[in-house]
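Fold and contact review
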Amino acid sequence: MKKTMRLAALLSAAVLLFSGCGKKEENPSDNVELGEYKGLTISKYDLTVTDEDVNAKIASFLQDNAKKNMVTDRAAEEGDEVVIDFEGSVDGETSEGMTGTDYTIESLCSGGYIQGFEEGIVGHKAGDEFVLDLQFPDPYRQNEELAGKPVTFKMKLKSIYTWEVPEYNDETVSAYAGYNTTQEYEEQLKSDIAEEKAQNKDNSQKNELWGKIVEASQIREYPQEDVDSYVEDMKNYYQQYATLYQMEYEDFIKTYTNFSTVSEAEEYMESEAKNYVKQSLVMKEIVKRENITINDDEYLSYCNKNMGLYGYETVEDFEAAYTRAGIEESIYFEKMMDLLLSTAIEE
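Residues numbered from 1 in each chain as written. Predicted model: local features only at pLDDT ≥ 70, side-chain atom pairs only at ≥ 80, totals over all residues. Heavy atoms only, no water.

Each helix and strand counted, the protein chain has 10 helices and nine strands in total. Taken over C-alpha atoms, the radius of gyration comes to 27 Å for the protein chain, far larger than the 20 Å a tight globule of 347 residues would show. Judged by the C-alpha coordinates and their principal axes, the protein chain covers about 75 × 60 × 40 Å. Here the protein chain holds 347 residues, and 35% of them are scored as buried. Put simply, the protein chain shows about 20,600 Å² of open surface, and 44% of that area lies on carbon and sulfur atoms. With 33 positive and 72 negative side-chain charges, the protein chain shows a spacing of 3 Å between the two charge centroids. (Helix = DSSP H or I, 4+ residues; strand = E, 2+ residues; numbered from the N terminus. Rg over C-alpha atoms; globule rule 2.2 N^0.38 Å. Buried < 20%, exposed > 50% of the residue type's maximum accessible area, 1.4 Å probe, protein only. Areas by Shrake-Rupley, 256 points an atom, 1.4 Å probe, with all protein chains shown as cover. Lys, Arg positive; Asp, Glu negative; His and termini not counted. Charge placed at Lys NZ, Arg CZ, Asp CG, Glu CD.)

This is the structure:
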């Protein structure tokens, strides 16, 4: 089955790698005309912690601590977890994606397979070997050549499992969460949920606000050297992925992105590069106008807070990976957004 990587998602994942890496926009005022950026309206969020919020966390906690039990005294049923071997063939020939060994279906008959595949396992016991004569749907997006064709699967059901969810009581929260009572556990849940909602509100409002600020600003002329540098960084990033997949760059783009040609992909990279450059110019101009500065204590505090999140143990290693300029740009952005959010009006 062809797995598609959306290039936009890869670009988002890569943006931290590209930021602050020696870009040349020294005088943002020469290229950017800011729109309004203070006193803008933003969405209001309800931070109330509801019973539904708490119950959802409890249900997730219980599911996370469910016990897996092997079934030996009955046949497979809908909802069971099963482990199978299978080998599919069309016109007597098998192909990639039609075979599997020790393959797990986590919830039988939950969907995601061709009609009859999961249903054909129901009623069989562990150790059973059987054959399923099925047909690929038409159309079949995963492989158009197989659309509508009959397929035979040789199956072996190796094991069946169920999940036993524990009861919600003091004993359970004590054993799995370290609290003495459910009441104590729920008080902590409410505190955690409130903190999570506040953080989500902060992130959502800042994203909304920044989007409005960037949209309202205009770029007089894009510094082409910076745009080209971003594009080159992106190309190198995807080339590394292609090498990892043991593929040529062009084949990787065609196979694992939603673009049919390299030129289409690189046109998109150019567009995203201009977007990154625009955001950087807008940020630097606001930082300049608002006289936002960073001192050594703020820099070290940011590094110590964030380097572990990216897998680094020392500030030196963190700087080697992202450069001091890149880290400072992140701090400037954070301080700028805190300032701008404090002037925004909820409605």
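Read on, since the account is not over.
Scanning the entire structure with this criterion turns up 23 aromatic pairs. Ring centres of Tyr103 and Tyr113 lie 6.3 Å apart, and the angle between their planes is 90°; on these two criteria the pair is classed as edge-to-face. On the criterion of sequence distance, the pair formed by Tyr103 in strand 5 (residues 99–105) and Tyr113 in the loop between strand 5 and strand 6 (129–135) is long-range, its members being 10 residues apart. Given a relative accessible area of 32%, Tyr103 falls into the partly exposed group. Between Tyr310 and Tyr322 the ring centres are 5.6 Å apart and the planes differ by 65°, which places this aromatic pair in the edge-to-face class. In this pair, Tyr310 is assigned in the loop between helix 8 (296–306) and helix 9 (315–322) and Tyr322 in helix 9, connecting sequence segments 12 residues apart. Tyr322 gets classed as buried once you look at its relative accessible area, which sits at 10%. These aromatic residues form a ring-pair network of at least three members: Tyr237, Tyr238, Tyr241, Tyr245, Phe252 and Tyr256. (Phe/Tyr/Trp six-rings, centres within 6.5 Å; stacked < 30°, edge-to-face > 60°.)

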